[in-house]
Amino acid sequence: SDSNSDTISDSNSDANSATLDVEDYNNELYSNGSMDIEIAIKKYDNILNQHVWLLLFLSYIVLPPVSNRQLQIFDCITLNSGESYIRADTAISCHSKEYYKFKNIII
């Protein structure tokens with residue numbers, strides 16, 4: 001029973017010392033009323049690098065299919081009758097107002 005209480009008190013003392021270490025660290029950071037500039041810059045750079053990587057990754061995944069879909073409006077097919085239609089949607093004529101409206105938006 002005594003050995004269990006010693007173990008519990010040791011684990012509590014470890015938790016208390018960890019709490020004190022965090023408090024000491026915070027006191028050092030804010031000793032002059034402001035955070036240490038070097039640490040703040042490192043934290044900012046770390047956060048910025050994480051977000052830049054995520055942005056580049058998402059643009060790598062999203063940009064090609066979106067660009068491909070947008071550029072499909074320029075791919076017209078001409079039928080034997082002389083009429084031109086968008087290959088991706090043959091309901092839209094390449095000479096209609098709707099086609100030119102979307103073409104201007106994309107350009």
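This text follows the structure it describes.
Here the structure is a predicted model, which is why all the values come from computation and not from measurement. (Residues numbered from 1 in each chain as written. Predicted model: local features only at pLDDT ≥ 70, side-chain atom pairs only at ≥ 80, totals over all residues. Heavy atoms only, no water.)

Asks: When you look at the pattern of salt bridges in this model, what are you seeing that I'm missing?
Replies: Two side chains bearing opposite charge may form a pair once their charged atoms approach each other closely. The tally for this structure, following the rule as stated, stands at one salt bridge. Asp75 is paired through a salt bridge with Arg87; the nearest N and O atoms lie 2.9 Å apart. Separated by twelve residues along the polypeptide, Asp75 in the loop between α2 (37-71) and β1 (76-78) and Arg87 in the loop between β2 (84-86) and α3 (97-106) bring together distant segments of the chain. (Salt bridge = Lys/Arg side-chain N within 4 Å of Asp/Glu carboxyl O. Helix = DSSP H or I, 4+ residues; strand = E, 2+ residues; numbered from the N terminus.)

Asks: Help me out: how do you make sense of the packing of aromatic side chains in this one?
Replies: The description of an aromatic ring pair uses the distance of the two centres, along with the angle that the planes make with each other. Counted under the stated rule, the structure contains two aromatic pairs. Centroid distance Trp53 to Phe57: 5.5 Å. Interplanar angle 5°. Geometry classified as stacked. Taken together, the positions of Trp53 and Phe57, both in helix α2 and four residues apart, correspond to about one turn of that helix. Taking the relative accessible area as the measure of exposure, Trp53 reaches 57% and is therefore exposed. Measuring from centroid to centroid gives 5.4 Å for Tyr99 and Tyr100, while their planes differ by 70°, and the two rings are edge-to-face. In this structure Tyr100 comes out as partly exposed when scored by relative accessible area, which is 40%. Residue placement shows Lys101 over the ring face of Phe102; its charged tip is 5.4 Å from the ring centre. (Phe/Tyr/Trp six-rings, centres within 6.5 Å; stacked < 30°, edge-to-face > 60°. Buried < 20%, exposed > 50% of the residue type's maximum accessible area, 1.4 Å probe, protein only. Lys NZ or Arg CZ within 6 Å of the ring centre and 35° of its normal.)

Asks: Can you walk me through the nonpolar core in this structure?
Replies: A general trend in soluble globular proteins is that nonpolar side chains are found buried together. Ranked by size, the top nonpolar core spans five residues in total: Ile73, Ile86, Ile92, Cys94 and Tyr99. Contacts of Ile86, omitting those with residues within four sequence positions, involve Gln72, Ile73, Asp75, Cys76, Ile92, Cys94 and Tyr99. (Core = buried A, V, L, I, M, F, W, Y, C linked by side-chain atoms within 4.5 Å. Contact = heavy atoms within 4.5 Å.)

Asks: Mind showing me how you'd approach the layout of surface pockets here?
Replies: With a probe scaled to a water molecule rolled over the atoms, the places where space remains empty come into view. Taken as a whole, the largest pocket spans an internal volume of roughly 210 Å³. Along its surface, the largest pocket is lined by Arg69, Gln70, Gln72, Ile73, Ile86, Ala88, Asp89, Ile92, Phe102, Ile105 and Ile106. Looking at the lining of the largest pocket, the elements with two or more residues in it are α2 and α3. Among the elements that line the lining of the largest pocket, the one with the most residues is α3, at three residues. A class-by-class count of the residues in the lining of the largest pocket yields seven nonpolar, two polar and two charged. (1 Å grid on protein atoms, 1.4 Å probe; cavity = no way out; pocket = protein on both sides within 12 Å on 5 of 7 lines; lining within 4 Å. Points joined across faces, edges and corners; volume = space filled by probe spheres on them. Nonpolar A, V, L, I, M, F, W, Y, C, P; charged D, E, K, R; others polar.)

So yeah, pure geometry; function would need other evidence.
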